[in-house]
Amino acid sequence: MTEAERVLLDLLDIERLEVDLFRGTGSGGETPMRIFGGQVIAQALAAAYRTVDDRLCHSLHAYFIRPGDPSIPVIYQVDRARDGGSFTTRRVVAIQHGKQILNMSASFHIQDEGWDHHHQMPRMEAPETYPSRADLRMQYVDQVPEKLRGELLRDRPIEVREASHLNPFNPEKSDDRNQVWFRMNAATNADQVTQHLLLAYASDMYLMSSGMRPHGLSWFTGEVNGASLDHALWFHAPVHFENWHLYSMDSPWGGRGRSFNRGSIYAQDGTLIASVAQEGLMRKAQ
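Numbering of residues begins from 1 in every chain and follows the order in which that chain's sequence is written. Predicted model: local features are reported for residues with pLDDT of at least 70 only, side-chain atom pairs are reported and counted for 80 or more only, and whole-chain, interface and lining totals are derived from all residues. Side-chain measures here rest on the full set of heavy atoms in the structure, leaving out hydrogens and waters.

## Quick look at the packing of helix H1 (residues 3–12) against helix H5 (residues 192–202)
Packing of H1 against H5 leaves a shortest axis separation of 11 Å and a crossing angle of 105°. When the interaxial angle is binned, H1 and H5 end up roughly perpendicular. Of H5, the residues touching H1 (which contributes Leu 8, Leu 9 and Leu 12) are Thr 194, Leu 197, Leu 198 and Tyr 201. Of the residues assigned to the contact of H1 with H5, the class counts are 6 nonpolar, 1 polar and no charged. Axis lines are fitted through C-alpha atoms, for helices just across the contact stretch, and the angle between N-to-C directions can take any value from 0 to 180 degrees. Where helices and strands are cited, they refer to DSSP runs of H or I of at least four residues and of E of at least two residues respectively, numbered from the N terminus. With respect to orientation, any angle under 35 degrees is reported as roughly parallel, any angle over 145 as roughly antiparallel, any angle of 65 to 115 as roughly perpendicular, and every other angle as oblique. Any two residues whose heavy atoms approach within 4.5 Å are treated as being in contact. Only Asp, Glu, Lys and Arg are considered charged in this grouping, and only Ala, Val, Leu, Ile, Met, Phe, Trp, Tyr, Cys and Pro are considered nonpolar; every other residue, Gly among them, is considered polar.

Structure below.
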C-alpha cells in the first residue's frame, strides 16, 4: 500500500464522538486550498453507515453549502430519519466553525431481487494504453510556479488514466464528453462499505471539468470561478475498486453561471456500477 492510499483510507476511518456524532480529518484530500468535495461526501456516507446494519447504500443526495477548511476537523451529525422494512434513511450534516458545510440524505436498501438492464459501456481502448496522471502532470510542471510544483506532482491514491485528455493550461474547445479510467489497488479485499466510500470519493473527480470542455476552460486557465453545488450518486452493482472502472461523463447543459454534469461508472467488463449527477458553479472569474 502506498502512503497516499494509506492517507485516504485513514480519512475514511472517521472517529465516533457520540452515538450519532462523528469527527473526520479535514486535510489530506485531492486539493489543499479547501476540502475536496468527494472527501466530505465519503466521510458523511461513512458516518451514515456507522448507524446502519446489514444494508447497503443505493443512493445519496448532497448539497455543498460552504467551502471546507482543511486545517480543522469536520463534525458529522447523523439523523436516523427512518428504519423501515426494506429501506433505511439517514440525514447527515457536516459542520465546521459552527456552520454547515454540507448536508446529505442517504438511503439504504435490503438486497431485493428484480429485473435487470443497463446501458452499454462505450467502446474504449484498454486503460493501460493511456498515460498515467503522474506522467501527464510531468509534461506541464514547468508551467506551474515552483512553490506549487510539489502539490502538482505529489502521489495521489486514485490511479487515473485520462482517455479524453486536454492540455489544462491551453485547452482547445472540445466535445463535452469526458472519459477516464480509475482504480485504487489498496481496495483489494475491502468490504462493500469501504468500496462504496472509495467510489463516492472518486465520483467527484473530473466531473465538473466536463462542463468546461466546450468553452476551452480548465481549473488552470484562471478564467473560471468554479465549485460543486450538489452531488447525487446511485449505486447499482457491487464495487471492486481495485479493478479498472471507466468514468464516462458529459455535460448536457451549461448557463447562468452553472453547468450540469453527469457520469456513468462501469466495471471493465461493461457492468454499470454507479450513476452520478452534479451541478457546479461556473462563473467568470473577476
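## A look at unusual backbone geometry
Although it is not a glycine, Asn 189 sits at a positive phi angle of roughly 70°. Here Asn 189 shows up in the loop between strand E8 (178–183) and H5.

## Concerning the environment of Gly 68
By the secondary structure assignment, Gly 68 is in the loop between strand E3 (56–64) and strand E4 (74–83). Residue class for Gly 68 comes out buried when judged on its relative accessible area of 9%. Measuring from C-alpha to C-alpha, the distance between Gly 68 and Glu 5 comes to 21 Å, with 63 residues separating the pair along the chain. Burial classes follow relative accessibility: with a 1.4 Å probe on protein chains only, a residue under 20% of its type's maximum area counts as buried, one over 50% as exposed, and anything between as partly exposed.

## Some details on the packing of aromatic side chains
Stacked, tilted and edge-to-face are the three classes assigned to paired rings of Phe, Tyr and Trp, where Trp is represented by its six-membered ring and a pair needs centres within 6.5 Å; plane angles under 30 degrees give stacked, over 60 edge-to-face, the rest tilted. If you walk through the whole model with that rule in mind, you get 6 aromatic pairs. With centroids separated by 5.9 Å and ring planes inclined at 50°, the aromatic side chains of Tyr 140 and Phe 169 adopt a geometry described as tilted. Placement of the pair is Tyr 140 in the loop between helix H3 (133–139) and helix H4 (146–153) and Phe 169 in the loop between strand E7 (159–162) and E8, with a sequence separation of 29 residues. In this structure Tyr 140 comes out as buried when scored by relative accessible area, which is 10%. When its relative accessible area of 22% is taken as the criterion, Phe 169 is described as partly exposed. With a centroid separation of 5.3 Å and an interplanar angle of 80°, the aromatic rings of Phe 182 and Phe 241 are classed as edge-to-face. With a gap of 59 residues between them, Phe 182 in strand E8 and Phe 241 in the loop between strand E10 (230–235) and strand E11 (245–255) connect regions that are remote in the sequence. For Phe 182, a relative accessible area of 0% translates into the label buried. By the ring-pair criterion, three or more aromatic residues cluster together here, those being Tyr 140, Phe 169 and Phe 220.

Everything listed here is a matter of geometry and, on its own, says nothing about what the molecule does.
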